[in-house]
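# Overview (structure and organization)
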Amino acid sequence: MSFDSAPINLTHHFLIAMPGLEDESFSRSVVYLCEHSERGALGLIINKPSDITLKGLFDKVDLSLRREDLTKEPVFQGGPVQTERGFVLHEPMLVDRVETDESVYASTMTIPGGLEMTTSKDVLEALSTGAGPRRVLITLGYSSWGEGQLESELAENAWLTVAADLSVIFDTPVPERYDRALALLGLKAWMLSPEAGHA
(Lines give C-alpha, C1' and ligand atoms only; values in the text may rest on other atoms or scores of the structure.)
Protein backbone atom coordinates (compact mmCIF):
# COMPACT_ATOMS: atom_id res chain seq x y z
CA MET A 1 0.00 0.00 0.00
CA SER A 2 1.46 3.36 -0.93
CA PHE A 3 1.32 6.43 1.28
CA ASP A 4 -0.50 8.30 -1.50
CA SER A 5 -3.57 6.06 -1.56
CA ALA A 6 -5.58 7.46 1.36
CA PRO A 7 -4.98 10.86 2.89
CA ILE A 8 -4.92 10.78 6.68
CA ASN A 9 -6.58 13.44 8.77
CA LEU A 10 -5.08 13.83 12.24
CA THR A 11 -7.17 16.84 13.30
CA HIS A 12 -8.02 16.49 17.03
CA HIS A 13 -5.14 14.04 17.54
CA PHE A 14 -1.98 14.19 19.60
CA LEU A 15 1.43 13.95 18.00
CA ILE A 16 3.81 12.41 20.53
CA ALA A 17 7.51 12.96 19.84
CA MET A 18 9.59 9.81 19.54
CA PRO A 19 12.88 9.74 21.51
CA GLY A 20 14.88 10.13 18.29
CA LEU A 21 13.31 13.55 17.64
CA GLU A 22 16.00 15.83 19.00
CA ASP A 23 14.78 19.16 17.62
CA GLU A 24 14.83 21.41 20.69
CA SER A 25 11.31 22.73 20.06
CA PHE A 26 9.81 19.26 19.80
CA SER A 27 11.88 16.94 22.01
CA ARG A 28 9.47 15.02 24.34
CA SER A 29 6.61 17.16 23.15
CA VAL A 30 2.91 16.44 22.83
CA VAL A 31 1.29 18.48 20.06
CA TYR A 32 -2.47 18.90 19.81
CA LEU A 33 -3.36 19.12 16.11
CA CYS A 34 -5.97 21.82 15.48
CA GLU A 35 -6.00 21.30 11.73
CA HIS A 36 -4.63 18.72 9.30
CA SER A 37 -5.42 18.60 5.61
CA GLU A 38 -3.65 17.99 2.31
CA ARG A 39 -2.34 21.58 2.59
CA GLY A 40 -0.47 20.87 5.84
CA ALA A 41 -0.99 20.86 9.59
CA LEU A 42 -1.21 23.29 12.49
CA GLY A 43 -0.93 22.42 16.17
CA LEU A 44 -0.06 23.60 19.66
CA ILE A 45 2.47 22.00 22.00
CA ILE A 46 0.60 21.32 25.26
CA ASN A 47 3.42 20.25 27.58
CA LYS A 48 6.15 22.92 27.32
CA PRO A 49 5.40 25.73 29.77
CA SER A 50 7.19 29.04 29.38
CA ASP A 51 8.33 31.09 32.37
CA ILE A 52 5.38 33.48 31.91
CA THR A 53 2.20 32.99 33.97
CA LEU A 54 -1.22 33.92 32.65
CA LYS A 55 -1.26 36.83 35.11
CA GLY A 56 2.04 38.02 33.64
CA LEU A 57 0.66 37.74 30.11
CA PHE A 58 -2.48 39.67 31.01
CA ASP A 59 -0.36 42.38 32.68
CA LYS A 60 1.63 42.68 29.42
CA VAL A 61 -1.52 43.32 27.39
CA ASP A 62 -2.94 45.74 30.00
CA LEU A 63 -5.76 43.48 31.18
CA SER A 64 -6.56 42.43 34.71
CA LEU A 65 -7.25 38.73 35.29
CA ARG A 66 -10.19 38.11 37.59
CA ARG A 67 -10.02 34.34 37.35
CA GLU A 68 -8.15 33.11 40.44
CA ASP A 69 -8.04 29.60 38.97
CA LEU A 70 -5.95 30.87 36.04
CA THR A 71 -3.52 33.44 37.52
CA LYS A 72 -0.68 30.98 38.24
CA GLU A 73 -1.25 28.82 35.15
CA PRO A 74 1.70 28.91 32.71
CA VAL A 75 1.64 30.25 29.18
CA PHE A 76 2.89 27.44 26.95
CA GLN A 77 5.44 27.46 24.13
CA GLY A 78 3.05 26.37 21.41
CA GLY A 79 5.73 26.01 18.76
CA PRO A 80 8.46 27.86 16.90
CA VAL A 81 6.17 29.88 14.57
CA GLN A 82 4.93 33.41 15.51
CA THR A 83 6.17 33.15 19.08
CA GLU A 84 5.04 36.70 19.87
CA ARG A 85 1.42 35.85 19.10
CA GLY A 86 -1.10 34.27 21.49
CA PHE A 87 -3.24 31.22 20.76
CA VAL A 88 -6.05 30.23 23.11
CA LEU A 89 -7.20 26.61 23.06
CA HIS A 90 -10.53 26.35 24.85
CA GLU A 91 -13.85 24.59 25.24
CA PRO A 92 -16.47 25.71 22.72
CA MET A 93 -18.39 28.83 23.68
CA LEU A 94 -22.07 28.73 22.81
CA VAL A 95 -23.83 31.73 21.29
CA ASP A 96 -26.90 32.31 23.47
CA ARG A 97 -26.57 28.76 24.82
CA VAL A 98 -27.16 27.30 21.36
CA GLU A 99 -24.62 25.30 19.43
CA THR A 100 -23.97 27.04 16.15
CA ASP A 101 -21.16 27.09 13.68
CA GLU A 102 -20.15 30.59 14.70
CA SER A 103 -18.07 31.36 17.74
CA VAL A 104 -18.66 34.18 20.15
CA TYR A 105 -15.11 35.41 19.41
CA ALA A 106 -13.87 37.28 16.35
CA SER A 107 -11.15 34.94 15.17
CA THR A 108 -11.83 31.34 16.12
CA MET A 109 -11.15 27.99 14.48
CA THR A 110 -13.68 25.32 15.43
CA ILE A 111 -11.91 21.98 15.73
CA PRO A 112 -14.00 18.91 14.91
CA GLY A 113 -13.94 16.89 18.12
CA GLY A 114 -14.94 19.59 20.52
CA LEU A 115 -12.44 22.42 21.01
CA GLU A 116 -11.91 25.89 19.62
CA MET A 117 -8.70 27.85 19.05
CA THR A 118 -9.01 31.62 19.21
CA THR A 119 -6.39 34.19 18.24
CA SER A 120 -8.35 37.41 18.80
CA LYS A 121 -7.96 39.50 21.96
CA ASP A 122 -11.68 39.35 22.80
CA VAL A 123 -11.26 35.94 24.43
CA LEU A 124 -8.63 37.44 26.78
CA GLU A 125 -10.94 40.37 27.49
CA ALA A 126 -13.72 37.91 28.44
CA LEU A 127 -11.36 35.98 30.73
CA SER A 128 -10.18 39.23 32.31
CA THR A 129 -13.72 39.95 33.52
CA GLY A 130 -14.08 36.49 35.03
CA ALA A 131 -16.14 35.19 32.10
CA GLY A 132 -14.97 33.34 29.02
CA PRO A 133 -14.32 29.64 28.57
CA ARG A 134 -13.91 27.66 31.78
CA ARG A 135 -11.02 25.50 30.55
CA VAL A 136 -8.24 27.15 28.55
CA LEU A 137 -4.66 26.55 27.50
CA ILE A 138 -2.82 29.61 26.19
CA THR A 139 0.32 29.41 24.07
CA LEU A 140 2.71 31.84 22.48
CA GLY A 141 3.52 30.52 19.04
CA TYR A 142 2.32 27.47 17.16
CA SER A 143 3.66 24.50 15.23
CA SER A 144 3.07 24.02 11.53
CA TRP A 145 3.93 21.63 8.76
CA GLY A 146 3.74 22.29 5.03
CA GLU A 147 2.06 20.06 2.48
CA GLY A 148 3.23 16.45 2.94
CA GLN A 149 5.79 17.42 5.61
CA LEU A 150 4.02 15.82 8.58
CA GLU A 151 3.29 12.68 6.57
CA SER A 152 6.97 12.28 5.76
CA GLU A 153 7.94 12.84 9.42
CA LEU A 154 5.42 10.14 10.39
CA ALA A 155 6.94 7.80 7.80
CA GLU A 156 10.36 8.47 9.37
CA ASN A 157 9.07 7.44 12.81
CA ALA A 158 9.45 10.93 14.29
CA TRP A 159 5.97 10.88 15.86
CA LEU A 160 3.36 8.58 17.33
CA THR A 161 -0.28 9.59 16.89
CA VAL A 162 -3.35 8.99 19.02
CA ALA A 163 -6.84 10.50 19.21
CA ALA A 164 -6.75 13.47 21.59
CA ASP A 165 -8.03 13.09 25.13
CA LEU A 166 -9.09 16.46 26.57
CA SER A 167 -8.24 15.36 30.11
CA VAL A 168 -4.56 15.25 29.10
CA ILE A 169 -4.78 18.91 28.03
CA PHE A 170 -6.87 20.30 30.88
CA ASP A 171 -6.66 17.92 33.86
CA THR A 172 -3.19 16.36 33.77
CA PRO A 173 -0.24 18.05 35.53
CA VAL A 174 2.18 19.39 32.90
CA PRO A 175 5.12 17.06 33.76
CA GLU A 176 2.85 14.02 33.32
CA ARG A 177 1.31 14.93 29.95
CA TYR A 178 3.91 13.15 27.79
CA ASP A 179 3.53 9.90 29.73
CA ARG A 180 -0.28 10.19 29.86
CA ALA A 181 -0.41 10.70 26.08
CA LEU A 182 1.78 7.61 25.58
CA ALA A 183 -0.47 5.66 27.96
CA LEU A 184 -3.37 6.29 25.55
CA LEU A 185 -1.48 3.94 23.22
CA GLY A 186 -0.68 1.49 26.02
CA LEU A 187 2.97 2.55 25.95
CA LYS A 188 5.55 3.79 28.43
CA ALA A 189 8.55 5.96 27.51
CA TRP A 190 11.08 3.19 28.27
CA MET A 191 9.46 0.99 25.58
CA LEU A 192 10.41 3.43 22.83
CA SER A 193 13.71 3.08 21.05
CA PRO A 194 15.35 6.19 19.64
CA GLU A 195 16.42 4.09 16.65
CA ALA A 196 13.98 3.43 13.81
CA GLY A 197 13.90 -0.24 12.86
CA HIS A 198 15.25 -1.22 9.45
CA ALA A 199 14.68 -4.76 8.21
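So, a few notes on the structure that sits alongside this text. (Residues numbered from 1 in each chain as written. Predicted model: local features only at pLDDT ≥ 70, side-chain atom pairs only at ≥ 80, totals over all residues. Heavy atoms only, no water.)

## Thoughts on the layout of surface pockets
When its volume is computed, the second largest pocket comes out at roughly 250 Å³. Lining the second largest pocket are 16 residues; nearest its centre among them are Leu70, Glu73, Val136, Phe170 and Arg177. At the level of secondary structure, the elements contributing two or more residues to the lining of the second largest pocket comprise strand 5 (74-77), strand 9 (136-145) and helix 4 (166-170). Residue contributions to the lining of the second largest pocket peak at three residues, all from strand 9. Split by residue class, the lining of the second largest pocket holds nine nonpolar, one polar and six charged. (1 Å grid on protein atoms, 1.4 Å probe; cavity = no way out; pocket = protein on both sides within 12 Å on 5 of 7 lines; lining within 4 Å. Points joined across faces, edges and corners; volume = space filled by probe spheres on them. Helix = DSSP H or I, 4+ residues; strand = E, 2+ residues; numbered from the N terminus. Nonpolar A, V, L, I, M, F, W, Y, C, P; charged D, E, K, R; others polar.)

## Some remarks on the side chain of arginine 177
By the secondary structure assignment, arginine 177 is in helix 5 (residues 177-183). Among buried charged residues, arginine 177 stands out as having no salt bridge; its nearest opposite-charge side chain is glutamate 73, 5.5 Å away. Contact partners of arginine 177, with chain neighbours within four places excluded, come to Val30, Ile46, Asn47, Phe76, Leu137, Val168, Ile169 and Thr172. (Buried < 20%, exposed > 50% of the residue type's maximum accessible area, 1.4 Å probe, protein only. Lys, Arg positive; Asp, Glu negative; His and termini not counted. Salt bridge = Lys/Arg side-chain N within 4 Å of Asp/Glu carboxyl O. Contact = heavy atoms within 4.5 Å.)

## A look at the pairing of strand 3 (residues 40-45)
Counting buried positions along strand 3 gives six out of six residues, so the element sits mostly inside the fold. Residues Gly40, Leu42 and Leu44 line one face of strand 3 and the alternating positions Ala41, Gly43 and Ile45 line the opposite face, and both faces are buried. Note: strand 3 against strand 9, three bridges, orientation antiparallel. Of the residues in strand 9, the one forming a bridge with leucine 42 is serine 144. (Pairing = 2+ DSSP bridges.)

## Some words on the side chain of asparagine 47
Relative to the elements of secondary structure, asparagine 47 occurs in the loop between strand 3 and strand 4 (49-53). Relative accessible area serves as the criterion here: at 11%, asparagine 47 is assigned to the buried category. A distance of 2.9 Å separates a polar side-chain atom of asparagine 47 from the backbone oxygen of arginine 28. Side-chain polar atoms of asparagine 47 contact the backbone nitrogen of valine 30, separated by 2.9 Å. Those residues within four positions of asparagine 47 in sequence are excluded, and the remaining contacts are Arg28, Ser29, Val30, Phe76, Val174, Arg177 and Tyr178. (Polar contact = N/O pair within 3.5 Å; in protein donor to acceptor, adjacent residues only side chain to side chain.)

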